[in-house]
Every structure is written in structure tokens, then in C-alpha cells.
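Letter by letter, the chains look like this.
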Amino acid sequence: MSAKQLANPLTLAIDIGGTGIKLVSLDQSGKPKGEFQRRETPKLATPAKVLAVIDEMAKKEGGFDRIACGFPGVVKKGVVHTAPNLHKSWANFNLEDALRKKYDKPVRVANDAAVQGYGAAEGKGQELIITLGTGLGSSLFLHGKLVASLEMAHHPFRKGKTYEEVLGKKALDKEGVKHWNKMLREAISNWSSLFNYDHLYLGGGNAKHIKGKLPKNAKITPNVNGIYGGVKLWDDDY
Ligand code: BGC
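Being a predicted model, the structure only gives us computed values, none of them experimental.

*Asks:* Go over the overall build of the chain, please, and point to the residues and values.
*Replies:* Of regular secondary structure, the chain possesses 7 helices and 14 strands. Taken against the 2.2 N^0.38 rule, which gives 18 Å for 238 residues, the C-alpha radius of gyration of the chain at 17 Å falls within 12% of a compact globule. Counting all 238 residues of the chain, 51% fall into the buried class. For the chain, the proportion of contacts with a sequence separation of at least 24, taken over those separated by at least 6, is 58%. In the form shown here, the chain has an accessible surface area of approximately 11,300 Å², with 54% of it arising from carbon and sulfur atoms. With 36 positive and 24 negative side-chain charges, the chain shows a separation of 5 Å between the mean positions of the two kinds.

*Asks:* Just give me the short version of the site of the ligand, but keep the residues and values in it.
*Replies:* The environment of the ligand is formed by 13 residues, the closest being Asn 111, Asp 112, Glu 151, His 154 and Glu 164. At 2.6 Å, a side-chain N or O of Asp 112 approaches an oxygen atom of the ligand. Per-class residue counts for the shell around the ligand are 4 nonpolar, 6 polar and 3 charged. Split by domain, the residues of the shell around the ligand number at least three in each of domain 1 (3-114 + 226-235) and domain 2 (123-221).

*Asks:* I'd love a proper account of the pattern of salt bridges, names of residues and values included.
*Replies:* Throughout the structure, instances matching the rule amount to 14 salt bridges. Of the charged contacts, one joins Arg 39 and Glu 56 as a salt bridge, the two residues approaching to 3.5 Å between their closest N and O atoms. With a gap of 17 residues between them, Arg 39 in strand β3 (residues 37-40) and Glu 56 in helix α1 (residues 47-60) connect regions that are remote in the sequence. For Arg 39, a relative accessible area of 24% corresponds to the partly exposed category.

*Asks:* An account of unusual backbone geometry is requested, with residue identities and associated values reported.
*Replies:* The phi angle at Lys 159 is positive, at roughly 50°, despite the residue not being glycine. In this structure Lys 159 comes out as exposed when scored by relative accessible area, which is 76%. In this structure, Asn 196 takes a positive phi of about 50° despite not being glycine. For Asn 196, the location among the structural elements is in the loop between α6 (177-195) and β13 (199-203). Overall, the relative accessible area of 61% leaves Asn 196 in the exposed class.

*Asks:* So what about the domain arrangement of the chain? Which residues, and what values?
*Replies:* Taken domain by domain, the chain consists of domain 1 (3-114 + 226-235) and domain 2 (123-221). For domain 1 versus domain 2, the separation of C-alpha centres amounts to 23 Å. Each partner contributes residues to the interface: domain 1 has 9 residues there, and domain 2 has 14 residues. When domain 1 packs against domain 2, the two sides together hide about 750 Å² of surface, and 53% of this comes from carbon and sulfur. Of all residues in domain 1, Asn 85, Ala 113 and Ala 114 give up the largest surface area on contact with domain 2, accounting jointly for 53% of the area buried on that side. Here domain 1 is connected to domain 2 by 0 salt bridges. Run the count over domain 1 and domain 2 and you get 3 residue pairs in polar contact (both at pLDDT 80 or more). Each residue belonging to the side of domain 1 that touches domain 2 can be placed in one class, and the counts come to 4 nonpolar, 5 polar and no charged.

The rules behind each value
Residues numbered from 1 in each chain as written. Predicted model: local features only at pLDDT ≥ 70, side-chain atom pairs only at ≥ 80, totals over all residues. Heavy atoms only, no water. Helix = DSSP H or I, 4+ residues; strand = E, 2+ residues; numbered from the N terminus. Rg over C-alpha atoms; globule rule 2.2 N^0.38 Å. Buried < 20%, exposed > 50% of the residue type's maximum accessible area, 1.4 Å probe, protein only. Contact = heavy atoms within 4.5 Å. Areas by Shrake-Rupley, 256 points an atom, 1.4 Å probe, with all protein chains shown as cover. Lys, Arg positive; Asp, Glu negative; His and termini not counted. Charge placed at Lys NZ, Arg CZ, Asp CG, Glu CD. Near = heavy atom within 4 Å. Polar contact = N/O pair within 3.5 Å; in protein donor to acceptor, adjacent residues only side chain to side chain. Nonpolar A, V, L, I, M, F, W, Y, C, P; charged D, E, K, R; others polar. Domains from an automatic or database assignment. Salt bridge = Lys/Arg side-chain N within 4 Å of Asp/Glu carboxyl O. Buried area = accessible area lost by both parts, 1.4 Å probe.

The structure is reproduced here in C-alpha cells:
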């Protein structure tokens, strides 16, 4: 019987981020079964170093039936293409294979903002998910199904800078919360006319710095959705 066919499979949900790596095992309803763990992302975040941190944490979990992993870059069929905030040695690394071989369990790996979207999307029309963390993640859902993992982060935004250069962690630290909020409002206005979405969800570790009102169709989504989305990643066609 495959992990997808089990009545209540336990999913080891992993969220690899530019600053932190989070992990917990969840039952089919998304209820945590183990300890919610977080470790700093290693400074030189090569595949070997990141996998070693994951292994340390995974050992503390009880058993699990399958793995869902969110990754902060372009991932296609389990293979990493880019990892702007980790290390260049991730290019062409088959993360799905590496995890499958290590744990001998079925594995699904997807872009981190896509996994966050699985956790956040409510299945109401067209939903855009933006994550504000070390980098800027983006994904688009239609009626609860992933349409695309976007790469808005590296798209031009203003004055020769990309969205990530204006709204990523480095810019927030350098320019301060007030300026960052002003830029975020400008970005939201662009995204709204570009995607014409029904709902916008803002997640990621820096969403807590959002101050003031948001447009009616926008709301902050808890960052833990980056982990909880792992269960739903297994429900989709993939
Ligand atoms: C990457 C995206 C990722 C985002 C958030 C960006 O730099 O290009 O793929 O989703 O950071 O981690």
C-alpha cells in the first residue's frame, strides 16, 4: 500500500528556509504528532549541511510514512534548479531522491511558497500567496489547486531593483520597517492589477512587521502554514 493510500499517514513536513529549517510530523488532519522543531539554517547552506540538520531533527521524530518538503528556490520534479538564499551547489541537486534514499519513504518536494499556499489557500477563486522572509516567495492557486510557483522575487519592481531586493530580509534590515511597509503597499498594488486575484495571503517570518491596514481582499496568513501545507501537497495531483 502506498503512503497516499494509508488511511491516516504521518507526514514528516519540512520547511527549508534561508534563515531557519522547520520540521514536524503531522497526521492527515494536520495535527502535529511530534515536536515542532526549528534550527538555524547553516551559514554555508550546502546540500550536505542542510541534510545533516534535517537528519538531526528527523531522528527526534517518531516514525513517519512520507515526507513533504518546501524548498526556497525553483524545484522541478524533485530537482533543485535555483537556491538564491542558500548555496550555488544546490543547482541540479535531486533533493527528492536524496531524501527518499536516506529515509526509504515516498517524498514530495516543492517550492516553499507553493507549500505555504497549500496551507493558506481556502479554495475561493484565484488566490495569490506571497511569503516575506529571507527571500520573497510567490505562488498562485485557483479553486485550491496550485496553478504556478511564481518567481516574483527576481522580477523587476522599482528603480532597477527586484521585488526581493526591495522587500527581502536584507532590505527590511537596511531600510527599516516604515519604508518596507510603504514598498509593500506599492507591490500589492502591482500584484493586484497583474493577477486580479480574489484573495491575497501574506505569510513568511517578516509578515509580522506589516503595519497598518491592508486592502479588504488581503490578509496575513500564519507562517506555520509553510509546514501544514505539506499534508495538502500530498493530496494534490503533484
Ligand atoms: C526564491 C523563491 C523562493 C523565495 C522564498 C526566492 O529567492 O527564488 O523560489 O520561493 O525566495 O524562499
